[in-house]
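Understanding the architecture of this molecule
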Amino acid sequence: MNVNEHEEPQEQGGEDAQVSTGAPADAAGVPEAAIPELVIISGMSGAGRSTAAKCLEDLGWFVVDNLPPALIPTMVELGARSQGNVARIAVVVDVRGRRFFDNLRESLADLASKHVTRRIVFLESSDEALVRRFESVRRPHPLQGDGRIVDGIDAERELLRELRGDADLVIDTSSLNVHELRAKMDAQFAGEEEPELRATVMSFGFKYGLPVDADLVADMRFLPNPHWVPELRPFTGLNEEVSAYVFNQPGAKEFLDRYAELLRLIAAGYRREGKRYVTIAIGCTGGKHRSVATSEKLAARLAAEGVETVVVHRDMGRE
C-alpha cells in the first residue's frame, strides 16, 4: 500500500517533529515557557503529508493543514497565549497555498526576529512514485494545468527547491508504505525529550539508485562481495558469518574506525549549527551484504556515543 492510498495526493498534509524552544520572550511580552514548539511541514504533493499529519496528531501535536504562510506568526502567537494548551504546533505549507506561498520567506524572517525556534520537515518522493500515486487515485496534480502529471511535478519541484534546501529533515517516501512512514515518523519524533542529534543509518544498493534524502554517502564496494562466496550468498549482512567475512577484509575495520571518527567531527558541527537530523547512507552493489553489515556496526558505535540512531535497510530482500 502506497503512503497515499485512500488519500487524495493534493490533500496530504501535516507532520510531526519535536523542537526545542529556549526562545526569549517576544516583543508582546509572551513568557519564554509559553512559546510553542513549531514545525513547518512541506514537500511534494503525493509524498504522504496527510499520513505524516495523522501520526503527528496521534502524538498530541496541534496540526493546521494548508495554513497561509502569512498567518504562521499569528498562529504561534495564539498558541503562546493559550496558557499551555497549545504547546506544539505543526503547520502544513504546500502548493495549494498558491499566491500565499510567496509569503513563507517573510513569515520565517518574522519568526526569527521574535526568536521562535522552528524546524522544517520536507516529504520527498521520486517522479515515478508520484506519477503512480496520482494515477492510482485518478486525480490531477495541483500544478499540472492543461499539461501532464510530470509537468506539474516538475513545476512543484522548482517551486519547492529552496525550501527543500533549508529543510532540517528530508524523508523520502518513494518506497515506503503507510505503516513504514508512520514507523519512521514515530522513530524520529515520538520521544518525550528531543536528543541533541538523531541519526538514520541507511544501507542501500547502488544498482537501485542513491537515497535522495541522504546527507552523507559511503561506498563499501571497495571490499570483496560476499555474493561471490556460495555459502554466504543466501544470507544478509545481519548474519554473523557475513559480518565477520566483511570485517576480516583488509581495510574494513580501518574504514569503520576512521569514518566513525569523521562522523564525530561532523556531528559536533551539526550540533553547533542546530541541525538535529542526519541520514547516513552506506551503499554496496545490491544493498544486501557489505552495506548492511557496515550500517549495523556504525549504528552501534553512534548509539554508544549518545546519538539516537535508527537503522534502515532500504534494499535488503529486494533482489
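Reading guide: rules and limits
Residues numbered from 1 in each chain as written. Predicted model: local features only at pLDDT ≥ 70, side-chain atom pairs only at ≥ 80, totals over all residues. Heavy atoms only, no water. Pairing = 2+ DSSP bridges. Helix = DSSP H or I, 4+ residues; strand = E, 2+ residues; numbered from the N terminus. Axes fitted to C-alpha atoms, helices over the stretch in contact; angles between N-to-C directions. Contact = heavy atoms within 4.5 Å. Parallel < 35°, antiparallel > 145°, perpendicular 65-115°, else oblique. Left-handed = near helix turned anticlockwise from the far one by under 90°. Nonpolar A, V, L, I, M, F, W, Y, C, P; charged D, E, K, R; others polar. Phe/Tyr/Trp six-rings, centres within 6.5 Å; stacked < 30°, edge-to-face > 60°. Lys NZ or Arg CZ within 6 Å of the ring centre and 35° of its normal. Expected span 1.5 Å × (residues − 1). Bend = angle between axes of the 7 residues up to and from the residue. Buried < 20%, exposed > 50% of the residue type's maximum accessible area, 1.4 Å probe, protein only. Polar contact = N/O pair within 3.5 Å; in protein donor to acceptor, adjacent residues only side chain to side chain. 1 Å grid on protein atoms, 1.4 Å probe; cavity = no way out; pocket = protein on both sides within 12 Å on 5 of 7 lines; lining within 4 Å. Points joined across faces, edges and corners; volume = space filled by probe spheres on them. Core = buried A, V, L, I, M, F, W, Y, C linked by side-chain atoms within 4.5 Å.

Observations regarding the sheet that holds strand β4 (residues 118-124)
Pairing is parallel across the open sheet formed by five strands, whose spatial order is β2-β3-β1-β4-β5. Where the open sheet ends on each side, the last strands, each with one partner, are β2 (62-64) and β5 (169-172). Neighbouring strand axes in the sheet, compared pairwise and without regard to direction, differ in orientation by 20° on average. Sheet topology places strand β1 (residues 37-43) next to strand β3 (residues 88-92); five bridges connect them, and they run parallel. Residue I41 lies in a different strand from β3, and its bridge partner there is V92. Where helix α5 (residues 149-166) meets the sheet, it contacts β1, β4 and β5, and its direction lies at approximately 140° from that of β4.

A short note on the packing of helix α8 (residues 252-272) against helix α9 (residues 290-304)
Axis separation between α8 and α9 bottoms out at 11 Å; the angle between their running directions is 45°. By the angle class used here, α8 and α9 are oblique. Judged by the twist between their axes, the crossing of α8 over α9 is right-handed. Contact residues: α8 offers F255, L256, D257, Y259, A260 and L263, while α9 offers T294, K297, L298, R301 and L302. When the residues that make up the contact of α8 with α9 are grouped by side-chain class, the tally is seven nonpolar, one polar and three charged.

Here we look at the packing of aromatic side chains
Scanning all chains against the criterion turns up three aromatic pairs. Pairing F222 with F255 gives two aromatic rings, centres 5.6 Å apart and planes at 55°, and the pair type is tilted. You can see F222 sitting in the loop between β7 (216-219) and α7 (240-247) and its partner F255 sitting in helix α8, a full 33 residues away along the chain. Taking 5.3 Å as the distance between ring centres and 15° as the angle between the ring planes, the aromatic pair formed by F255 and Y259 counts as stacked. One end of the pair is F255 and the other is Y259, both in helix α8 and four residues apart, which spans about a single turn. One aromatic cluster in this structure is built from F222, F255 and Y259. Looking at R221, its charged tip hangs above the ring of F206, at a distance of 3.7 Å from the centre.

With respect to α5
The end-to-end C-alpha distance of α5 is 26 Å, a good match for the 26 Å that 18 residues give at a rise of 1.5 Å each. The largest bend along α5 reaches roughly 50° and is located at L160. Buried within α5 we find I149, G152, I153, E156, L160 and L163.

Thoughts on the side chain of R198
The topology assignment puts R198 in strand β6 (residues 198-205). Polar contacts involving the side chain of R198 include one to the side chain of E308, which spans 3.4 Å.

What to know about the sheet that holds β7
As summarised here, the arrangement of the four strands in space is β7-β8-β6-β9, forming an open sheet in which the pairing is parallel. The strands lining the two open edges of the sheet, one partner per strand, are β7 and β9 (308-313). The average angle at which neighbouring strand axes cross in this sheet is 20°, direction not considered. Alignment of β6 against strand β8 (residues 277-284), held across eight bridges, turns out to be parallel. Pairing of T200 across the sheet is with T279, part of β8. α9 contacts β6, β8 and β9 of the sheet and is inclined by roughly 170° relative to β6.

Considerations on unusual backbone geometry
The phi dihedral of N66 is positive, around 60°, even though this residue is not glycine. Position of N66 among the secondary structure elements: in the loop between β2 and α2 (72-80).

What about the layout of surface pockets?
Empty space within the largest pocket amounts to approximately 350 Å³. Surrounding the largest pocket, 19 residues form its lining, D172, S174, S175, R314 and R318 being those nearest its centre. Mapped onto the lining of the largest pocket, the elements with two or more residues apiece are α6 (178-189) and β9. Class assignment for the residues of the lining of the largest pocket results in seven nonpolar, five polar and seven charged. What the second largest pocket holds in volume is close to 190 Å³.

Looking at the nonpolar core
Side chains that are nonpolar tend, in soluble globular proteins, to be buried together. Of all hydrophobic cores here, the largest spans 48 residues; its most connected members are L38 and I72. Counting residues in hydrophobic clusters, the runner-up holds 27 residues, among them L232, Y259, V278 and L298.

Describing the packing of α7 against α9
Relative orientation of the contacting elements α7 and α9 amounts to 90°, with a least axis distance of 9 Å. By the angle between their axes, α7 is roughly perpendicular relative to α9. Touching S243, V246 and F247 of α7 are R290, A293, T294 and K297, all from α9.

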